[in-house]
Amino acid sequence: MKRYVYINDDESSQDLYCANRISNTKYNLWNFLPKNLWEQFSRFMNQYFLLIACLQLWSLITPVNPASTWGPLIFIFAVSATKEAWDDYNRYQSDKKANEQKVWVVRQGIKKHIEAQDIRVGNIVWLRENDEVPCDLVLLGTSDPQGVCYVETAALDGETDLKTRVIPSACVGIDLELLHKIKGVIECPVPNKDIRRFDANLRLFPPFIDNDLYSLTIKNTILQSCYLRNTEWACGVAVYTGNETKLGMSRGVPEPKLTAVDAMIDKLTGAIFVFQIVVVMVLGVAGNVWKDTEARKQWYVEYPEEGPWYELLIIPLRFELLCSIMIPISIKVSLDLVKSLYAKFIDWDNKMIDHETGTPAHATNTAISEDLGQVEYILTDKTGTLTENKMIFRRCCISGIFYGNETGDALKDARLLSAFASGSPDVIRFLTVMAICNTVLPIQSKSGGISYKAQSQDEDALVQAAAQLHMVFFNKSANTLEIKFNTSTIRYEVLETLEFTSDRKRMSLVLRDCQSEKIILLSKGADESILPYARAGQQTRTFIEAVEQYAQLGLRTLCLAWRELEEEEYQEWSLMFKEASSTLVDREWRLAEVCQRLEHDLEVLGVTAIEDRLQDGVPETIETLRKAGINFWMLTGDKQNTAIQIALSCNFVSPEPKGQLLLIDGKTEDEVRRSLERVLLTMRITTSEPKDVAFVVDGWALEIALKHYRKAFTELAILSRTAICCRVTPSQKAQLVEILKSCDYKTLAIGDGGNDVRMIQQADIGVGISGREGLQAARAADYSIGKFRFLSRLILVHGRYSYNRTAFLSQYSFYKSLVICFIQIFFSFISGVSGTSLFNSVSLMAYNVFYTSIPVLVSVVDKDLSEETVMQHPQILFYCQAGRLLNPSTFAGWFGRSLFHAIVVFLISIHAYAYEKSEMEEISLVALSGCIWLQAFVMTLETNSFTILQHLAVWGNLVAFYIINCIFSALPQSGMYTIMFRLCREPSYWITLFLIVAAGMGPILALKFFRYTYRPSKINTLQQAERLGGPILTLGNIDPLQRSIEKEVSPLSITQPKIRNPVFEPLLSDSPNATRRSFGPKTPFDFFQSESRLSSSSYTRNCKDN
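For the structure given in this document, a descriptive report is provided here. Being a predicted model, the structure only gives us computed values, none of them experimental. (Residues numbered from 1 in each chain as written. Predicted model: local features only at pLDDT ≥ 70, side-chain atom pairs only at ≥ 80, totals over all residues. Heavy atoms only, no water.)

For the protein chain, the helix and strand inventory stands at 34 helices and 33 strands. Considering the protein chain as a whole, with its 1106 residues, one finds that 54% of them fall into the buried category. Sequence-distant contacts, at least 24 apart, represent 75% of the contacts inside the protein chain between residues at least 6 apart. Accessible surface for the protein chain amounts to roughly 48,400 Å². Of this, 56% is attributable to carbon and sulfur atoms. (Helix = DSSP H or I, 4+ residues; strand = E, 2+ residues; numbered from the N terminus. Buried < 20%, exposed > 50% of the residue type's maximum accessible area, 1.4 Å probe, protein only. Contact = heavy atoms within 4.5 Å. Areas by Shrake-Rupley, 256 points an atom, 1.4 Å probe, with all protein chains shown as cover.)

Below, the structure is given as structure tokens:
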């Protein structure tokens, strides 16, 4: 599909395309209520509670006042709707500001000042310096005689360096006055979100030019939300407007990520719902049987002889309403609230601020903090993520001569300085390519100094190094480049630019020397994209050795080459290049094919070596996270040897003999298949520890493996804890993340550049580093940090605390609801199984919303261990990875506790007051008091670190319970008149509460004491170590999953991995079947004992069929 934009024609595009009004809001005044309600009721739990609330309107069956359900339901919906409305209002205000921005446009040959929202496709828009671009424009003219302007694209890609944009060649030389009257047509693609590509054609109508066709690229455009810089004015024609701009098409709400904790809560909710239905059916049948037998014998029960047809449903429906509180209505709102607080804790963490740049950590996604504590695999970029992305030119090889090997700095090598001073042709050509074969923009200051704006740190390092050797690149315009060589100035005319792509892996310039009129081709790129295209007869062995030597040192390498072109050859090729540039279909592929026709028979000049230092703390961070059982994969576009050296220097892999690297290579399917067989066989029979075995694969072999041997590569991913993937593309990075996710691993991807965005978005958790490549990765990620070293704190502290707190909050929410529900069920057995409620509506509503919710919400500040202990002993993260705190087993414990406490409260309350001729409201309030007291002690028992806030929440809540009930007891119309006053004056009330607390908490305390003393977990031991202040002498490793060693393997007959053990099974070495040691006062804290990873137990993973 194509779009035709008629320049400066107000009528042709008036109705075809949308206006420039931006709208990112979800709602308006008319559809907010119905649309928001529809969204909220699309969730099963909300539908369930709405059904319960509607049933309570039927007075015949409701055991309590409908307000007990309608009140909390309306409150929860109101909170959610208010949040949505506030967010949408902020979006509306932002849109309004952009829409009402004043801009200059040309209409009917006259410049007019209008609002940005009134711009139409085809209008000519005028911009002044520092103006924000209101829509996507194709440049027509600028204040620069060469047609150049500079834009800041930070709003698009986060890059703060200025970009150069040029007018199409067809518009060069058009006078300023004639730009008001220019006419023509632009043939371009339909709106899309690719901000790096614009394949279009321009045709100007006479008298401006004779209907020739000119190709347009992204360099001829300035996109919405960019800013015009260092340019007095520029004008362009609007091609995409409103929400159809590239930025507008890129906007959108990302798919919500479901955490493992959320998935487990959904499963537990489903199980409770099934249990509830079973209970309702059993009690409903029992109630109807009792009504038809025993009830009719009682003189005080008056049932009609014949009831309506739905009579059998009345009692079951009553019990359904009575048991509906089994599923806590507030759990979703509570979880959303505490997750927002978890995100704020990350934002407020002063220990995660990068003081070098002042960059704090930031949580963009507020819903997945607990997943940080369950990460199993980290997939990381190298450049800018593990390294500083501060490139320094260190060494080079020119015409077979190595420079910088002795001093470590080629710029101080006397031989290179001497060769340059003597005018060596090879050195001069080498430095010329270093200086100008790039996209760097030189900026001259008023004082005469020159600074460089570079999109690539490699290019910046090369240009700076050339300048230090007196080959200074000082001027760049639309089609000319100028360099100063000693005292002379050399000018080149730019004929064509062959841009870098991830497929070609090189860039080239076609230049004309303005002095000699010779046409030359300059090329720069990776060794595999330059050396194979060397001219016949040139010896490249020295260059290959140089590349290998530099890569062994962990340096980044680039090869430089050139060749002289004949005029006829260039003219013939130029026609093909122009034709390929004009096509709208497969332009990139056609251009690559045409470039290949020119980039051959190259004269290789030499090799550059650039150092990119590791960030501070990277080796220590990786070592710490490895102790936590997290596996690492490095995904990089660098050479294999460079990546391996960086991996060795940052503890990614261990050096031999402890470590072992297994290489997967090959250029054909057969070679890759044999390599995969060999590596898989080695992985299965190796006797070294799994963490020290890594496989290395390059992009070519990876492409074949993913396409033809995906199952084999998936098994390799399961067996290997470390991988180094070199020369990989952004799409391959995303595929590798997908493979690990398909095997039910919890993945985290971290990167700093635009090429990492797909990987970051594909992973369960995406982390972006706010680095030198801009903010594109940080904006696309769930979390952003300033340096890699902050990742350990993000995972071990924030991730672990979030998981622990969420696990407790969710299970406690079910526990408190089940306690009150079980009491209601027990009461039905002494009330004729009639579905009568023991508690009144006000008490039930206050119990769910106030009495039991506030204390548990304060648990978000609870810490089972100090931050220092957590960072010192990362092994304890295994408890989170294995789901030890939230699973069917732990939930069964809370379920049993709720049943036990309900029995205690019910039996003691009934026996203490049922035979005292007490009112039902008295028994109800005694039972409710017992529940509140029990839960205060449960909160106290489960809290690890008390603060003033927690004391106020637990005990202040208990005091508030009595104050509120005393107020209600003072109101004659409340139904509780004088009850609380009477109860508080009776010693029997306090004795009853004491018995309830003693009977309810005694066994719980005894069991906890037994487990803490005789079968402590390692967390318990660390807690005791913190209290006693004792030293921890050694720290071993815990392996959450043992691996089986297969002795036989058939060639690529890869069997489907066995079904993975459920996540809730005890996977740690301190499981109930493992041997435990008591922690005596004289026993040193030497408790993390390493165990062999190669046991006979089965290592399994539930891997989805790919």
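Once the structure has been displayed, the description carries forward.
Okay, the pattern of salt bridges next. Tallied over the entire structure, the rule returns 40 salt bridges. In this structure, Asp426 and Arg429 form a salt bridge, with 3.0 Å as the shortest nitrogen-oxygen distance. With Asp426 and Arg429 both in helix 10 (residues 425–436) and 3 residues apart, the pair spans about one turn of that helix. The exposure class of Arg429 is partly exposed, given its relative accessible area of 26%. The partner of Glu603 in a salt bridge is Arg535, with the nearest N and O atoms 2.3 Å apart. With Glu603 in strand 26 (residues 603–614) and Arg535 in the loop between helix 12 (527–530) and helix 13 (541–552), the pair connects residues that are 68 residues apart, well separated along the chain. By relative accessible area, Glu603 is classed as partly exposed at 23%. Residues joined by salt bridges that share partners form a network here, namely Asp349, Lys351, Arg793, Lys863 and Glu867. (Salt bridge = Lys/Arg side-chain N within 4 Å of Asp/Glu carboxyl O.)

Taken N-terminus to C-terminus, the directions of helix 29 (residues 888–913) and helix 30 (residues 920–942) make an angle of 145°; their axes are 9 Å apart at the nearest point. Note that helix 29 runs across helix 30; the crossing there is right-handed. Between helix 29 and helix 30, the contacting residues are Trp894, Arg897, His901, Val905, Ser909, Ile910 and Tyr913 on the first element and Glu922, Ile923, Val926, Ala927, Gly930, Cys931, Leu934, Val938 and Glu942 on the second. Of the residues that constitute the contact of helix 29 with helix 30, the class distribution is 10 nonpolar, 3 polar and 3 charged. (Axes fitted to C-alpha atoms, helices over the stretch in contact; angles between N-to-C directions. Left-handed = near helix turned anticlockwise from the far one by under 90°. Nonpolar A, V, L, I, M, F, W, Y, C, P; charged D, E, K, R; others polar.)

A cluster of nonpolar side chains, namely Val959, Ile963, Ile967 and Leu971, defines an oily patch on the protein surface of about 350 Å² accessible area. Examined against the element boundaries, Ile967 turns out to sit in helix 31 (residues 948–969). (Patch = residues over 30% accessible without salt bridge, like charges linked within 9 Å, V, L, I, M, F, W, Y side chains within 5 Å.)

Ile378, Ile724, Leu748 and Leu791 are the most contacted members of the largest nonpolar core, which has 145 residues in total. Per-element accounting of this core gives the leading share, 23 residues, to helix 24 (residues 790–828). In contact with Ile724, other than residues within four places in its own chain, are Met634, Ala643, Ile644, Ala647, Phe652, Val653, Leu661, Phe695, Val696 and Val697. Grouped together as the second largest cluster of nonpolar side chains are 50 residues, Tyr17, Val106, Ala200 and Cys226 included. (Core = buried A, V, L, I, M, F, W, Y, C linked by side-chain atoms within 4.5 Å.)

Where burial is concerned, the two faces of strand 1 (residues 2–7) differ: the one with Arg3, Val5 and Ile7 is buried and the one with Lys2, Tyr4 and Tyr6 is not. Of the strand pairs in this sheet, strand 1 and strand 8 (residues 184–189) are connected by 6 bridges, and their pairing is antiparallel. Paired with Tyr4 across the strands is Glu187, a residue of strand 8. (Pairing = 2+ DSSP bridges.)

We now examine the sheet that holds strand 12 (residues 227–229). The 3 strands lie next to each other as 7-6-12, forming an open sheet whose pairing is antiparallel. Edge positions in the sheet fall to strand 7 (162–166) and strand 12, since each has one partner strand and no second. Each neighbouring strand pair of the sheet contributes to a mean axis angle of 45°, computed without reference to strand direction. Direction of pairing for strand 6 (residues 148–152) relative to strand 12: antiparallel, over a ladder of 3 bridges. Note on strand 12: the bridge partner recorded for Glu152 is Tyr227.

A ring pair, where both rings are aromatic, is described by two values, the distance of the centres and the angle of the planes. If you walk through the whole model with that rule in mind, you get 32 aromatic pairs. Judged by centre distance (5.2 Å) and plane angle (40°), the ring pair of Trp126 and Trp233 falls under tilted. One end of the pair, Trp126, is in strand 4 (residues 124–128); the other, Trp233, is in strand 13 (residues 233–240), with 107 residues separating them in the sequence. Look at Phe198 and Tyr240: their rings are 6.2 Å apart centre to centre, the planes differ by 85°, and that puts the pair in the edge-to-face class. Taken as a pair, Phe198 in the loop between strand 8 and strand 9 (200–204) and Tyr240 in strand 13 lie far apart in primary sequence, 42 residues in all. Comparing Phe198 with Tyr240 shows no difference in burial state: the two are buried. Connected via pairs of aromatic rings, a cluster forms that spans Phe275, Phe822, Phe826, Phe895 and Phe906. Arg506 extends its terminal NZ or CZ atom over the ring of Tyr533, reaching a point 4.8 Å from the ring centre. (Phe/Tyr/Trp six-rings, centres within 6.5 Å; stacked < 30°, edge-to-face > 60°. Lys NZ or Arg CZ within 6 Å of the ring centre and 35° of its normal.)

Our focus in this paragraph is the environment of Ala902. Mapped onto the elements, Ala902 comes out in helix 29. Residue class for Ala902 comes out buried when judged on its relative accessible area of 0%. Each C-alpha atom of the pair Ala902 and Gly1000 lies 9.0 Å from the other, and the pair is 98 residues apart in sequence. In this structure Ala902 touches Val819, Phe822, Ile823 and Phe826, once residues within four positions along its chain are discounted.

With that settled, the discussion passes to unusual backbone geometry. Phi angles above zero are rare outside glycine, and Asn230 is one such case at about 50°. Secondary-structure assignment places Asn230 in the loop between strand 12 and strand 13. For Ser399, which is not glycine, the phi torsion reads 55° and is therefore positive. Structurally, the position occupied by Ser399 is in the loop between strand 16 (387–398) and strand 17 (401–403).

Another aspect to go through is the pairing of strand 15 (residues 377–380). Burial of strand 15 is two-sided: the residues Tyr377 and Leu379 facing one way and the residues Ile378 and Thr380 facing the other way are all buried. As paired strands, strand 15 and strand 27 (residues 631–635) are joined by 4 bridges and run parallel to one another. Each bridged residue has a counterpart across the sheet, and for Tyr377 the counterpart in strand 27 is Asn631. One ladder, built from 4 bridges, connects strand 15 with strand 31 (residues 747–751); its direction is parallel. When the bridges of strand 31 are listed, Tyr377 appears paired with Thr747.

Bringing helix 11 (residues 457–468) into the picture now. Here helix 11 is 12 residues long and its end C-alpha atoms lie 17 Å apart, about the 16 Å a rise of 1.5 Å per residue gives. Summarising burial for helix 11: 9 of the 12 residues are buried, a large majority. If you check which residues of helix 11 are buried, you get Gln457, Asp458, Glu459, Asp460, Ala461, Leu462, Val463, Ala465 and Ala466. (Expected span 1.5 Å × (residues − 1).)

A word on the packing of helix 2 (residues 44–55) against helix 7 (residues 311–323). Here helix 2 crosses helix 7 at 125°, and the two axes come no closer than 10 Å. In terms of orientation, helix 2 lies oblique with respect to helix 7. Seen from above, helix 2 lies across helix 7 with left-handed handedness. Across the interface between the two elements, Tyr48, Ile52 and Leu55 from helix 2 touch Leu317, Glu320 and Leu321 from helix 7. Looking at side-chain class alone, the contact of helix 2 with helix 7 contains 5 nonpolar, no polar and 1 charged residues. (Parallel < 35°, antiparallel > 145°, perpendicular 65-115°, else oblique.)

What follows is about the sheet that holds strand 1. An order of 1-8-9-10 is seen for the 4 strands of this open sheet, with the pairing classed as antiparallel. Taken across any chain shown, the strands that pair with only one partner, and hence form the sheet edges, are strand 1 and strand 10 (213–216). With strand direction ignored, the average angle separating the axes of adjacent strands in the sheet is 25°. One ladder, built from 4 bridges, connects strand 8 with strand 9; its direction is antiparallel.

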